[in-house]
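Per-entry structural report
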Amino acid sequence: MHLARFPRRFIAHLPTPLERLDRLSAELGGPDIWIKRDDCTGLSTGGNKTRKLEFLMAEAELMGADMVMTQGATQSNHARQTAAFAAKLGMACHILLEDRTGSNNLNYNNNGNVLLDHLHGATTEKRPGGGDMNAEMEKVADRFRAEGKTVYTIPGGGSNPTGALGYVNCAFEMLSQFNDRALKVDHIVTATGSAGTQAGLITGLKAMNAGIPLLGIGVRAPKLKQEENVFNLARATAEKLGCPDVVQRSDVVANTDYVGEGYGIPTKSGQEAIRMFAELEAILLDPVYSAKGAAGLIDLIRNGHFKKGETIVFLHTGGAAGLFGYDNAFDFAGRWS
Ligand SMILES: *Cc1c(COP(=O)(O)O)cnc(C)c1O
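None of these values were measured; they are calculated from a predicted model.

**Section: the pattern of salt bridges**
- Enumeration over the complete set of coordinates arrives at 24 salt bridges.
- Here arginine 8 ties to glutamate 54 by a salt bridge, and the two come within 2.9 Å at their closest N and O atoms. Placement of the pair is arginine 8 in the segment before strand S1 (18-20) and glutamate 54 in helix H2 (residues 49-62), with a sequence separation of 46 residues.
- Judged by relative accessible area, glutamate 54 falls into the buried class, the value being 1%.
- Where lysine 223 meets glutamate 227, a salt bridge forms, and the shortest distance between an N and an O atom there is 2.8 Å. Taken together, the residues span about one helical turn, with lysine 223 and glutamate 227 both in helix H9 (residues 223-241) at a distance of four residues.
- Look at the salt bridges and you will find they share partners, linking Glu125, Arg127, Glu136, Lys139 and Arg143 into a network.

**Points about H2**
- Taking 1.5 Å of rise per residue, the 14 residues of H2 would be expected to cover 20 Å, and the 20 Å separating its terminal C-alpha atoms lies within 8% of that figure.
- Phenylalanine 55 marks the point of greatest bend in H2, at about 30 degrees.
- On its buried side, H2 packs onto strand S2 (32-37), strand S3 (67-73), helix H3 (77-89), strand S6 (151-153), helix H7 (161-180) and helix H8 (196-207).
- Glycine 64 lies just past H2 and shows a positive phi near 75 degrees.

**Digging into the site of the ligand**
- Among the 16 residues in the neighbourhood of the ligand, the closest are listed as Lys49, Lys52, Ser194, Thr197 and Thr317.
- Separating an oxygen atom of the ligand from a side-chain N or O atom of lysine 52 is a distance of 2.6 Å.
- Between the ligand and threonine 197 there is a distance of 2.7 Å, counted from an oxygen atom to a side-chain nitrogen or oxygen.
- Across the complex, the protein chains shield 98% of the 370 Å² of accessible surface that the ligand would expose by itself.

**Quick look at the sheet that holds strand S7 (residues 187-192)**
- With mixed pairing, six strands are arranged side by side in an open sheet as S1-S2-S10-S7-S8-S9. Only two strands of the sheet have a single partner each, and these edge strands are S1 and strand S9 (253-255). Strand-to-strand, the axes of this sheet are offset by a mean angle of 30 degrees, without reference to chain direction.
- As paired elements, strand S8 (residues 214-218) and S9 share three bridges and run parallel to each other. Note that in S9 the partner of glycine 216 across the bridge is alanine 254.

**A closer look at the pairing of S8**
- Within S8, five of the five residues are buried, leaving the element largely enclosed by the surrounding structure.
- Alternating residues of S8 divide into Leu214, Gly216 and Gly218 and Leu215 and Ile217, and every residue in both groups is buried.
- The pairing of S7 with S8 spans five bridges and is parallel. Pairing of threonine 192 across the sheet is with glycine 218, part of S8.

**As for unusual backbone geometry**
- For the bond running from leucine 14 to proline 15, omega is -5 degrees, close enough to zero to count as cis.
- By the element assignment, proline 15 lies in the segment before S1.
- You will see that asparagine 209, though not glycine, has its phi angle at about 55 degrees, which is positive.
- For asparagine 209, the position within the fold is in the loop between H8 and S8.
- Its relative accessible area of 69% is what places asparagine 209 among the exposed residues.

**Quick word on the sheet that holds strand S5 (residues 123-128)**
- With parallel pairing, the four strands of this open sheet are ordered in space as S5-S4-S3-S6. At either end of the open sheet lies a strand with only one pairing partner, and these are S5 and S6. With direction set aside, neighbouring strand axes in the sheet form an average angle of 25 degrees.
- Relative to strand S4 (residues 92-99), S3 runs parallel, the two being bridged by seven bridges. Counted as the bridge partner of methionine 67 is alanine 92 from S4.
- Helix H6 (residues 133-146) contacts S3, S4, S5 and S6 of the sheet and is inclined by roughly 155 degrees relative to S3.

**Thoughts on the environment of arginine 80**
- Structurally, arginine 80 is set in helix H3.
- Counting along the chain gives 36 residues from arginine 80 to leucine 116, while the straight-line C-alpha distance between them is 6.2 Å.
- Separated by 3.1 Å, the side chains of arginine 80 and asparagine 77 make a polar contact.

**What about the environment of serine 269?**
- For serine 269, the position within the fold is in helix H10 (residues 268-281).
- Placed 151 residues apart in sequence, serine 269 and histidine 118 show a C-alpha to C-alpha distance of 32 Å.

**Quick look at the state of the cysteines**
- Evaluation of the coordinates by the stated rule reveals zero disulfides.
- Here cysteine 243 stays free of any disulfide, with the sulfur of cysteine 170 as its closest cysteine sulfur at 17 Å.

What counts as what
Residues numbered from 1 in each chain as written. Predicted model: local features only at pLDDT ≥ 70, side-chain atom pairs only at ≥ 80, totals over all residues. Heavy atoms only, no water. Salt bridge = Lys/Arg side-chain N within 4 Å of Asp/Glu carboxyl O. Helix = DSSP H or I, 4+ residues; strand = E, 2+ residues; numbered from the N terminus. Buried < 20%, exposed > 50% of the residue type's maximum accessible area, 1.4 Å probe, protein only. Expected span 1.5 Å × (residues − 1). Bend = angle between axes of the 7 residues up to and from the residue. Contact = heavy atoms within 4.5 Å. Near = heavy atom within 4 Å. Polar contact = N/O pair within 3.5 Å; in protein donor to acceptor, adjacent residues only side chain to side chain. Areas by Shrake-Rupley, 256 points an atom, 1.4 Å probe, with all protein chains shown as cover. Pairing = 2+ DSSP bridges. Axes fitted to C-alpha atoms, helices over the stretch in contact; angles between N-to-C directions. Disulfide = S-S within 2.5 Å.

In structure tokens, the structure reads:
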């Protein structure tokens, strides 16, 4: 598979590290746990959207865009990485932020990713939760176009076949790291939301005949809906790559038992995962995505689904900047003496 055929604007710090989590593995007493550090992609505190944006922003440059637009939740990591990438390329960036949680918390609405959006020079607008955000974005983009701007619009999460190429590439990168270290991997686990990460990974893994099952831990949609979203995007991505039937429906597996009350609302098991990763491994997770993914990983080890003798790779998709929008989700009164 020949990814160099597709336009790409190189900016991410790649390859990201692959590390063994010694203390977490010992604490849980189950499989060997490794982590793929896509929280370290290097752009404005890192994260998974940077890989997708390398392909998306190259398209924006090719069409001569002087402005990019995207949309996401208030504490969107995708919005923040888009704002940063646009700054680097000297493009304007306008973002629609959807109020999915209804939170009035000051830090949630102004700190964390929102602070970074604005620091990178992006302008933002709010929308109430539950609307068709991609349609809304196209409406606003047409307003800018009428003023003479050349606008490239990026769907939520950067999840279309162009963006998913970033995670086809990540599948190649991981497999070569496994091979170089003679690391026999039994499962890869990652958080899954707008589907581009899981869709790109499964397309790359299947195209290489890796033989490694991939499990997505959902953060929003119910299981069947999430799997359908991932499968449809994987099919479209495979078609773009010229191998249309490489992904079967049964290759796409999501577990959505760790969503809790809803998107962007912290869970107890996610808070426990944040503390375990921070205290045992000095790794920062975020409450919206990676903590729920890690909560799934931890629970599936504790209940024996993942076993001693196996090797599990957890793909860390980033998001730590969001912690500063969620400080009220933690109670650290006991740490003061
Ligand atoms: C966007 C995001 C995800 C989910 O990736 P998708 O490609 O949208 O499924 C996971 N973790 C973090 C930190 C994210 O920002």
